[in-house]
Amino acid sequence: MQSGARTLVVLGTGGTIAGRAESPGDNVGYRAATLPVASLVGSIDLPGGFLFESEQVAQLDSKDMDFATWRRLALRIAAHLARPEVAAVVVTHGTDTLEETAYFLQRVLAPAKPVVLTAAMRPATSRLADGPQNLADAIAVATSPGAHGVVVVVAGTVHASLAVRKVHPYRLDAFGSGDAGPIGRVEEGRLRRLRDWPTGPGAPIGVEALPEDVAGWPAVAIVTSVAGVDARSVRALFQAGFAGIVVAATGNGRIHAGLEAPLREAIARGCRVLRSTRCLDGTVIDAAAAPPEDAIASAGALTPQQARVELIVRLLEQRCGAA
C-alpha cells in the first residue's frame, strides 16, 4: 500500500456473496447477484483510518461472466488505481469464473497497487454465511504492506491470480493454488505471508487494448483430449471463425492422435493453439532439447481456463499492435 493513500474502493459484480435464499438453512437453492455491494460493505466492521467507497460495476451470476463485464471492470479498476488517494481496490465476485477474471485482470493491468478479489460459497442470507469474513479478509490483505498485483482471498487464504483455481463445488475452502501454493493466510485480520508476492507473466497489455465492441474480441475455445475423441470439433471451431484453440491434453500435454491432424491444419491456416494439461496440478514439461518447429505450443503451468484467457489476451495484443 502506498504511503498517504487512504481510500479503499470496493467494486461489486454480483455472485453468491451477494445472493439471497428463502431460508437461512438453504446454501444451494439461492439466487445469486441480488444484494448491492454497498450492503455487503455495510455488513462488516471496517478498519479505522481509511475512507471506503463502493461501486456496482455489474450484478450477475459469475457463471454468466462475459467480455463486456470484464472490460467494464478493468476500466473501472484502472480509473480508481490512477487516483493518488486510492490505496487498493477490492472486487466482490462469484466463484464459478473467479479464476478467469483474476488472471484476465492481472494480464491486462498488472497493477502496482493491490487488487483483491473475493467471493463466497454461501449466500449472504445463509445462517453461516462466509461472505462477510471473506470480504473483511480481502480488505486486510488490500491494506497489508507490500501488497500488489491481483490476488484472490477466500476462506482465509491468499491465492495468486496466476495460480488460483476452483477445486471443489461446495466446500468453503473451494480454491487452491496448485503446486505454487498460497501466498499467505489471513489470521485475525492480519496477513501471514508464506511466499513472495508473485510477478509476471509479462508486461500488461493495458485497457486500451480492449476493444469497446466485444463482439469483435477473438473467439477461443477449449477442446479436451479424451479416449475416442472426435476430431470434427476442431474443424468445426475453425470453420466457425474461432481464432484460437486450447487443448486440455492428457498427462504431460499429450494430444490424442485423432486431434493432432486437425489442430495442425488449423495452425497452418492461422489459428493459434496452446496445449495445457487436464491434470489438476503440475505443469507441461517440454523435452530438454529445443522443440521441433511444428510442435504445438505449451501453456506451461496454466490451467486450460487460464490458457484460454492467455490466448485471448495475446490475440488482443496482436491486434492492437497491428492497428
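Residues numbered from 1 in each chain as written. Predicted model: local features only at pLDDT ≥ 70, side-chain atom pairs only at ≥ 80, totals over all residues. Heavy atoms only, no water.

Novice: Any chance you could explain the overall build of the protein here in plain terms?
Specialist: Secondary structure summary: the protein contains 7 helices and 13 strands in total. Computed over the C-alpha atoms, the radius of gyration of the protein is 20 Å, within 12% of the 20 Å expected from 2.2 N^0.38 for a compact globule of 323 residues. Across its three principal axes, the protein shows a C-alpha extent of roughly 60 × 45 × 40 Å. The burial tally for the protein puts 51% of its 323 residues in the buried class. The contacts of the protein with a sequence gap of at least 6 include a subset with a gap of at least 24, amounting to 73%. (Helix = DSSP H or I, 4+ residues; strand = E, 2+ residues; numbered from the N terminus. Rg over C-alpha atoms; globule rule 2.2 N^0.38 Å. Buried < 20%, exposed > 50% of the residue type's maximum accessible area, 1.4 Å probe, protein only. Contact = heavy atoms within 4.5 Å.)

Novice: Help me understand the packing of aromatic side chains in this model?
Specialist: Any pair of aromatic rings gets described here by the distance separating the centres and the angle formed by the planes. The tally for this structure, following the rule as stated, stands at 4 aromatic pairs. Ring geometry for W70 against F104: centres 4.6 Å apart, planes inclined by 15°, an arrangement best described as stacked. A residue pair is termed long-range when its members are at least 10 positions apart, and W70 in helix α2 (residues 67–81) and F104 in helix α3 (residues 98–109) qualify at 34 residues. Of the two residues examined, W70 and F104, each falls in the buried class. Taken together, the ring pairs connect F67, W70, F104 and W217 into an aromatic cluster. We note R6 situated over the ring of F50; from NZ or CZ to the ring centre the distance is 4.1 Å. (Phe/Tyr/Trp six-rings, centres within 6.5 Å; stacked < 30°, edge-to-face > 60°. Lys NZ or Arg CZ within 6 Å of the ring centre and 35° of its normal.)

Novice: How do you make sense of the pattern of salt bridges when you look at a structure like this?
Specialist: Opposite charge on two side chains permits them to pair, given that their charged atoms come into close proximity. Under the criterion given, the structure shown has 16 salt bridges. Linking R107 and E310 is a salt bridge whose minimum nitrogen-to-oxygen distance equals 2.7 Å. Here R107, found in helix α3, pairs with E310, found in helix α7 (residues 304–322); they are 203 residues apart in sequence, far enough to count as distant. Here R107 falls in the buried class, since its relative accessible area comes to 6%. Two residues, R235 and E265, come together in a salt bridge whose shortest N-O distance is 3.2 Å. Of this pair, R235 sits in helix α5 (residues 232–239) while E265 sits in helix α6 (residues 257–268); the two residues are 30 residues apart in sequence, bridging distant segments of the chain. With a relative accessible area of 34%, R235 lands in the partly exposed category. On the basis of relative accessibility, which here comes to 35%, the residue E265 falls in the partly exposed class. (Salt bridge = Lys/Arg side-chain N within 4 Å of Asp/Glu carboxyl O.)

Novice: How do you make sense of the sheet that holds strand β13 (residues 272–277) when you look at a structure like this?
Specialist: The strand order across the open sheet formed by 3 strands is β11-β12-β13, and the pairing between neighbours is parallel. A strand with exactly one partner marks an edge of an open sheet, and here the two such strands are β11 (220–224) and β13. Direction aside, the axes of adjacent strands within the sheet are offset by 20° on average. Set on the sheet, α5 makes contact with β11 and β12 (244–249); between it and β11 the angle comes to about 175°. (Pairing = 2+ DSSP bridges. Axes fitted to C-alpha atoms, helices over the stretch in contact; angles between N-to-C directions.)

Novice: Can you walk me through empty space enclosed by the protein in this structure?
Specialist: For the structure on display, the rule yields 1 cavity of 30 Å³ or more. Of the volumes computed, that of the largest cavity is approximately 40 Å³. Every residue along the wall of the largest cavity is listed here: R165, S276, T277, C279, L280, D281, G282, G300, A301, L302 and T303. In the lining of the largest cavity, the residues fall into 4 nonpolar, 5 polar and 2 charged. (1 Å grid on protein atoms, 1.4 Å probe; cavity = no way out; pocket = protein on both sides within 12 Å on 5 of 7 lines; lining within 4 Å. Points joined across faces, edges and corners; volume = space filled by probe spheres on them. Nonpolar A, V, L, I, M, F, W, Y, C, P; charged D, E, K, R; others polar.)

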